Amino acid sequence: MAECGEIGMMLGAFEDSELEPNEMQEVAFHLARCESCTGILADYSTLGRDLRSITAEPSLAGFSSAVIARVDRLPQPVLTRIARYLRRQADSVGSGFAWGGAAAAIAVLTIILMTPYAEQFANRGPHSTTSIAGHEAATAVNQVAEATASEPTMADNDSHADISRLESENHSVAVWSEPRRDTTVIWLPDQP
Amino acid sequence: MTLRPGSLTFLIIAIAAFGTPGLAHAQAGPKRVTVYIDSVMAADTNEGTDPRLAPMGKKLQGLFGFSTYSLIGHNEGQTDCGKMIAFTLPGGKILHVQPRAIDGDMIAMEIVLFDGTRPMMTTDLKLKNNGTLIVGGPRYEQGMMIISIGASTGGSHPMRAQVGAPAQANTR
């Protein structure tokens, strides 16, 4: 355990939270067991509080504007004035780019967010009278009939179902849609 | 290059004006799906169409050439997107339906039909809200079994059979 003399030198910094974390821990650990150092720390604290209360802070109202006004009144070298003019022009051009970028961002966001509407609108098209697979032309599906999502779907978008995958051990699965009846049929005849 | 405060305000207003409806459309869709299953026996026994099949009787008659359509079971259940719902159907068939997502007016789902424990068919599809998918073909008694699968994000389906309390389904 650290000695009171050693800890006492760190109490002021401890009060101001200026110690390293390990030192803070060491002091805190010591204070938990030492009433003498705790009393000194309390005195530091009281002293600091009292000093802060009697010090009047100077008013800074108008200080920054007064400094800027004074700086503006100083004669500017020609090169500085030219540089300032060029900077303003660059800001204008930059602002133009910023507007362009903002417009592009809005366009992209609008496209992304309006996509559900577009899909919904596209799905409202007139009903097709042709079925993907006719009733008679039952699709013979081999051991496993499977269509991946990337392939064209089996059922017409205008029917009630849009099949992206169909697996069956049945060799004679047939799928057809009846747009006029808003129905898609999957036919699984029993194997002989 | 600087983006002035006015530009930033314009950008925010533009996104709010153009983007919010689409965003709301993408996010506000209901996630709960009601699945309706009607199991129908179709046969050539000249017995006509079961009156409980009134909403879809004409559709079945137009799709298939049978002279008898009899409702042999009706199940319905609600489930959330991503949660599978299982239906026990007549003839030892089991149907698993798992809605995946709601995309505008379409409900993406996976359907697996089992004959006992053997999977007969697995399909991924997008079914129109209140739309119907018909799976048919398995032999049932003296005819064939036709399973009408309907899904709705609302509380009712226009093609469901007119029955009393439907059989329960299990969700997982």
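Everything here concerns the structure above.
Residues numbered from 1 in each chain as written. Chains lettered and ligands numbered in written order. Predicted model: local features only at pLDDT ≥ 70, side-chain atom pairs only at ≥ 80, totals over all residues.

Peer 1: I keep staring at the nonpolar core and nothing clicks. Help me out?
Peer 2: One broad rule of soluble globular proteins: the nonpolar side chains tend to lie buried together. Core analysis: the biggest nonpolar cluster contains 49 residues, and Ile186(A), Val135(B) and Ile147(B) have the highest contact counts within it. In terms of residue count, strand β1 (residues 32–43) of chain B provides more of this core than any other element does, 7 residues in total. With sequence-adjacent residues up to four places away left out, Ile186(A) is seen in contact with Leu166(A), Val173(A), Val175(A), Met121(B), Thr123(B) and Val135(B). Core analysis: the next-biggest nonpolar cluster, separate from the first, contains 5 residues, Ile7(A), Leu11(A), Phe14(A) and Val27(A) among them. (Core = buried A, V, L, I, M, F, W, Y, C linked by C-beta atoms within 7 Å. Buried ≥ 20, exposed ≤ 12 C-beta atoms within 10 Å, placed from the backbone. Helix = DSSP H or I, 4+ residues; strand = E, 2+ residues; numbered from the N terminus. Contact = placed C-beta atoms within 7 Å.)

Peer 1: Help me understand unusual backbone geometry, please; the structure alone is not making it clear to me.
Peer 2: Glycine aside, residues mostly have negative phi angles, and peptide bonds mostly take the trans form. All names here are of chain A. Positive phi is not limited to glycine here, since Ser17 has a value of about 55 degrees. Looking at where Ser17 falls in the secondary structure, it is placed in the loop between α2 (11–15) and α3 (21–31). A count of 7 C-beta atoms within 10 Å places Ser17 in the exposed class.

Peer 1: So what exactly am I meant to see when it comes to the pairing of strand β8 (residues 132–140) of chain B here?
Peer 2: Side chains on a regular strand alternate between the two faces of the sheet. Extensive coverage of β8(B) is indicated by the burial of 8 of its 9 residues. Looking at chain direction, strand β3 (residues 183–187) of chain A and β8(B) are connected through 5 bridges and run parallel. In the strand pairing of β8(B), Ile186(A) is matched with Val135(B). The sheet contact formed by β8(B) and strand β9 (residues 143–152) of chain B spans 7 bridges and is antiparallel. Bridge pairing in β9(B) places Tyr140(B) opposite Gly143(B). Here β8(B) folds back onto β9(B), and the loop between the two strands holds 2 residues, one of which, Glu141(B), carries a positive phi near 45 degrees. (Pairing = 2+ DSSP bridges.)

Scope: geometric values only; no functional claims are made or implied.
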